[in-house]
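Inside the fold
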Amino acid sequence: MRILHFADLHLGMENYGSLDPRTGLSSRVTDYLAAFDQVVDFALHERVDAVLFAGDAFKNRDPNPTVQREFARRVRRLASAGIPTVLLIGNHDLPSIDARATAIDIYDALGIPNVIVARRPSIHRIDTATGPLQVVALPWLQRSRLLTPEERRQAGTDEGARRLRELVASVLEELLEQVDPSIPSILLAHLSIEGARLGSEQSIMLGEDLVLGTDELRVRAFDYVALGHIHQHQQITARPPTVYAGSIERIDFGEEAEEKGFVVIEIKPVPAGVREVIWTFHPVSARRFLTLRVKACQADPLVDVRREIERRASEINGAVVRAFVELPGEREDLLRVDDVRNLLQEAGAAHVAKVVREIENQARPRIDLSDHESLDPVVALEKWLGLRDQLSLEQRGKVLARGLELIRDHRAGV
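Within every chain, residues take consecutive numbers counted from 1 along the sequence as written. With the structure being a predicted model, the display of local features is reserved for residues of pLDDT at least 70 and the display and counting of side-chain atom pairs for 80 or more, all residues being used for whole-chain, interface and lining totals. Heavy atoms throughout the structure, all of them, feed into the side-chain values; hydrogens and water do not.

Turning our eyes to something else, we now look at the nonpolar core. In terms of nonpolar packing, the biggest core is built from 40 residues, with Leu4, Phe6, Leu11 and Phe71 touching the most fellow members. Counting from the N terminus, the helices are the DSSP runs of H or I reaching at least four residues and the strands are the DSSP runs of E reaching at least two. Counting residues per element, the ones that place at least two in this core are strand E1 (2–6), helix H1 (27–46), strand E4 (50–53), helix H2 (65–80), strand E6 (115–118) and strand E15 (261–269). Any two residues whose heavy atoms approach within 4.5 Å are treated as being in contact. Those residues in contact with Leu4, other than ones at most four positions away along the chain, are Val39, Phe42, Ala43, Val48, Ala50, Val51, Leu52, Phe262 and Val263. By size, the runner-up hydrophobic cluster in this structure holds 24 residues, among which are Ala50, Val135, Leu188 and Ile265. As used in this record, nonpolar core signifies buried Ala, Val, Leu, Ile, Met, Phe, Trp, Tyr and Cys residues forming a set joined through side-chain atoms within 4.5 Å. Residue exposure (1.4 Å probe, protein chains only): buried if accessible area is under 20% of the type maximum, exposed if over 50%, otherwise partly exposed.

This is how it looks when you write it as structure tokens:
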């Protein structure tokens, strides 16, 4: 039995793109659709037995009709080929009010054959071409659905988080009672799990995530655990394979070095009733992101910039590019940002995100800390970030999240 697992499509993202007059879509939306097409083409060509999508179909809960149409066209290709497809609801898909529909609920309402929408914790037995498959679905769980108002007021405390983890474990335990151990089973979940490396999705807001352990998720009760929510592809445990497929297209420069793609799982029966699970990661051709750093030493700084662009022309062509040019303060006025931008565009950059002139020997801003604050690394980190005007809010969030993680590890003696 072969199953395709992918996640975090985030269709509708338009950052680092421009309007395509032929389609009326942002060039970045076209990038995401092209990555989605590669997933669907593989599923059809290789005749996989099922497709499991681990959540976050759209960039937000209210995608425009054009984006919804393009998503539907690709889901229909899978359904028309008779490939059962499970669509899990992620945090980006959920409306602010629980009673409202998501953009994906339409497939359930219309009863589209071979398409299963998993908005609630549930178990689905799927008849595939090579036999039955059980999928235990754990979509993004809203605290408002699990906790009372009083418990939600405590949700920021250790006790509130503990209570929330207990409730999730209880929900999962009830579902596991319905699992037939003689049939292959997969946990399909959209959540944060202990030990995961944080990708660009891990902004300041992700500090509010409920982080679950593998024991709480009862991963050993499954043949494979298919995860979504964190954009960096990674394996958390080996037995059973607990895997984040990762996003299939780069969101921003925080994912510049990450390979994007999907996972194919093969479940094989072996003697003694044990099943062997083999998984492989399949990269897609995602839009490249490239950070260009140039140290300009010539009297005319543009000479060094042009030389570096020519040297890296093959990398720049077709990529989303940002450039940082370091030069002496007395030559700052000799370098025009538009000239650098034009050179990058002539080299074939798909989009020039920004061009920054960095001045050498710039006096470093000092952090004003009182005595008690100087003893607190969290306060020092927050104040330091407050002085980094060149960083976006999202970048500051990522630095803060990673810094807090390192501080916690240090305090725990890790």
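Now that the structure has been shown, the text picks up again.
Take the packing of H1 against H2 next. Running from amino to carboxyl end, H1 crosses H2 at an angle of 10 degrees, the nearest separation of the two axes being 10 Å. By the angle between their directions, the pair H1 and H2 is classed as roughly parallel. Across the interface between the two elements, Leu33, Phe36, Asp37, Val40, Asp41, Ala43 and Leu44 from H1 touch Glu70, Phe71, Arg74, Arg77 and Leu78 from H2. All axes are obtained by fitting lines to C-alpha atoms, using only the stretch in contact for helices, and the reported angles, taken between N-to-C directions, cover 0 to 180 degrees. Orientation labels follow simple angle bins: below 35 degrees gives roughly parallel, above 145 gives roughly antiparallel, 65 to 115 gives roughly perpendicular, and whatever is left gives oblique.

Once that is clear, we can look at the pattern of salt bridges. Salt bridges are defined as contacts in which a side-chain nitrogen from Lys or Arg sits within 4 Å of a carboxyl oxygen from Asp or Glu. Counted according to the given criterion, the structure contains 22 salt bridges. Notably, a salt bridge pairs Arg74 with Asp37, separated by 2.7 Å at the nearest N-O pair. Within this pair, whereas Arg74 is found in helix H2, its partner Asp37 is found in helix H1, the two being separated by 37 residues in sequence. Looking at Asp37, the relative accessible area reads 22%, which means it is partly exposed. Measuring nitrogen to oxygen at the nearest pair gives 3.4 Å for the salt bridge that ties Lys295 to Glu326. In this pair, Lys295 is assigned in strand E17 (residues 289–295) and Glu326 in strand E18 (residues 320–327), connecting sequence segments 31 residues apart. A relative accessible area of 46% means that Lys295 is categorised as partly exposed. Classification of Glu326 by relative accessible area gives partly exposed; the value is 29%. Three or more residues joined by partner-sharing salt bridges are found here, namely Asp37, Arg69, Glu70, Arg73 and Arg74.

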